[in-house]
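One letter stands for each residue in the lines below.
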Amino acid sequence: MGRAFEYRKAAKLKRWGNMARTFTRIGKQIAIAVKSGGPDPETNPHLRAIIANAKHENMPKDNIERAIKNALGKDQKDYKEVTYEGYGPHGIAIFVDAATDNTTRTVANVRSVFNKFGGTLGTSGSLAFMFTQKCVFTFNKPADLDMDEFILEFIDLGIDDEYDEEENEVTIYGDPKSFGLLQKALEEKGFEITGNEFTRIPNDLKDVNDEQRAVIEKIVERLEEDDDVQNVYTNMRPAE
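Let us look at the structure shown here. Computed from a predicted model, the values in this text were never measured in an experiment. (Residues numbered from 1 in each chain as written. Predicted model: local features only at pLDDT ≥ 70, side-chain atom pairs only at ≥ 80, totals over all residues. Heavy atoms only, no water.)

1. So, the sheet that holds strand 8 (residues 229-234)
And then number 1: Sheet architecture is open: four strands sit in the order 3-1-2-8, paired in antiparallel fashion. The open sheet is flanked by strand 3 (120-121) and strand 8, the only strands paired with a single partner.
And then number 2: Across the sheet, helix 2 (residues 19-37) lies against strand 1 (80-87), strand 2 (93-100) and strand 8, angled at about 110° from strand 8, the strand it touches most.
And then number 3: Against the sheet, helix 8 (residues 210-224) makes contact with strand 2 and strand 8, and its axis sits at roughly 165° relative to strand 8, the strand it touches most. (Pairing = 2+ DSSP bridges. Helix = DSSP H or I, 4+ residues; strand = E, 2+ residues; numbered from the N terminus. Contact = heavy atoms within 4.5 Å. Axes fitted to C-alpha atoms, helices over the stretch in contact; angles between N-to-C directions.)

2. Some words on helix 7 (residues 179-188)
Think of an α-helix as turning once every 3.6 residues; residues three or four places apart then point the same way.
And then number 1: F179, L182, Q183, A185 and L186 are the residues of helix 7 that are buried. Angularly, the buried residues of helix 7 cover 165° about the axis, an arc narrow enough to put them on a single face.
And then number 2: Those residues of helix 7 hidden inside the fold are in contact with helix 3 (45-56), strand 4 (131-140), helix 6 (147-154), strand 5 (159-166), strand 6 (169-174) and strand 7 (193-202).
And then number 3: Looking at the residues trailing helix 7, positive phi occurs at G190, about 85°. (Buried < 20%, exposed > 50% of the residue type's maximum accessible area, 1.4 Å probe, protein only. Arc of directions from axis to C-beta.)

3. Comments concerning the sheet that holds strand 7
And then number 1: Strand order in the open sheet made by the four strands is 5-6-4-7, with antiparallel pairing throughout. A strand with exactly one partner marks an edge of an open sheet, and here the two such strands are strand 5 and strand 7. Between one strand axis and the next, the sheet turns by 25° as a mean value, whatever way the strands run.
And then number 2: Here strand 5 pairs with strand 6 via five bridges, running antiparallel. Residue pairing across strands places I159 opposite G174, the latter belonging to strand 6.
And then number 3: The sheet strands contacting helix 3 are strand 6 and strand 7, and the helix crosses strand 7 at an angle near 100°.

4. A look at the layout of surface pockets
And then number 1: There is about 660 Å³ of room inside the largest pocket.
And then number 2: Counting only elements with at least two residues in the lining of the largest pocket, the list comes to helix 2, helix 3, strand 1, strand 2, strand 7 and strand 8.
And then number 3: Examining the composition of the lining of the largest pocket, we find that six residues originate from one element, strand 7, more than from any other.
And then number 4: Residues belonging to the lining of the largest pocket are distributed by class as follows: 11 nonpolar, 11 polar and eight charged. (1 Å grid on protein atoms, 1.4 Å probe; cavity = no way out; pocket = protein on both sides within 12 Å on 5 of 7 lines; lining within 4 Å. Points joined across faces, edges and corners; volume = space filled by probe spheres on them. Nonpolar A, V, L, I, M, F, W, Y, C, P; charged D, E, K, R; others polar.)

5. Considerations on helix 3
And then number 1: Taking 1.5 Å per residue as the helical rise, helix 3 with its 12 residues ought to reach 16 Å, and the 17 Å between its terminal C-alpha atoms agrees with that figure.
And then number 2: Residues L47, A49, I50, I51, N53 and A54 constitute the buried set of helix 3.
And then number 3: Just past helix 3, the residue N58 takes up positive phi, approximately 65°. (Expected span 1.5 Å × (residues − 1).)

6. Digging into the pairing of strand 4
And then number 1: The element strand 4 is extensively covered by neighbouring structure, given that seven of its 10 residues are classed as buried.
And then number 2: In the sheet, strand 4 pairs with strand 7 via nine bridges, with the strands oriented antiparallel. Note that in strand 7 the partner of T138 across the bridge is G195.
And then number 3: Here six bridges tie strand 4 to strand 6, and the two strands are oriented antiparallel to one another. Bridge pairing in strand 6 places N140 opposite E169.

7. Considerations on the pairing of strand 6
And then number 1: Across the six residues that make up strand 6, a large majority, five, are buried.
And then number 2: Counting the residues that bridge the hairpin from strand 5 to strand 6 gives two residues, and of these E167 lies at a positive phi of roughly 55°.

8. Some points on the pattern of salt bridges
And then number 1: Summed over the entire model, instances satisfying the criterion amount to 13 salt bridges.
And then number 2: Linking K61 and E65 is a salt bridge whose minimum nitrogen-to-oxygen distance equals 4.0 Å. Of the two residues, K61 and E65 both sit in helix 4 (residues 61-71), four residues apart, roughly one turn of that helix.
And then number 3: Using a relative accessible area of 60% as the deciding quantity, one classes K61 as exposed.
And then number 4: Residue E65 is classed as partly exposed on the basis of its relative accessible area, which comes to 42%.
And then number 5: Between K189 and E153 there is a salt bridge, with its nearest N and O atoms 2.7 Å apart. Remark: E153 occurs in helix 6 and K189 occurs in the loop between helix 7 and strand 7; sequence separation between them is 36 residues.
And then number 6: Its relative accessible area of 42% is what places E153 among the partly exposed residues. (Salt bridge = Lys/Arg side-chain N within 4 Å of Asp/Glu carboxyl O.)

If you want it as structure tokens, here you go:
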């Protein structure tokens, strides 16, 4: 099992722990996708991908349809995707993805969490070199799938040669710019996509002791309590 998968799995278990917050965050993603590409998932692959994720997270169909309808309303808030970067205590890098209709509010909230725990919020782009952004797809594995042949066929579309298998699912990683091409190719080949997202994988993991880990996890928890925050990434090595 690859390092990227272990890191992503540890982060995701924490990130999607609260169902209500999960649905709120997916709702914002739907609003952004509808505004940029329209309300029809057949012609809006980004929206189609988000709906697949929503179903995987057990978001009711009525909630999904309501989110799409609300995104078309004149009172729908205008969400903007922003990132915040900084250092927490013990030299741990923290990267925050957010979707907000009020950047002044969001940056104040994020800075407050950093300050409370002795961290420092940096300038945009200051820590980008410490993480590699990837698009990630998870799909049900057909019984007759030859992974070597699959990699050879899809590597020209932008996937890495690293992949992970867990039970009957396969997780692949790729260039974020290839998201649309990979989604289309997987769908055309008949693969059942069960999850897709953009993630940030730390280039180097930093070891911490149990006490330090508890502090960093508290910071991540506080950040994720903010409805504007979509994802939080650190370069702290996941607990074994």
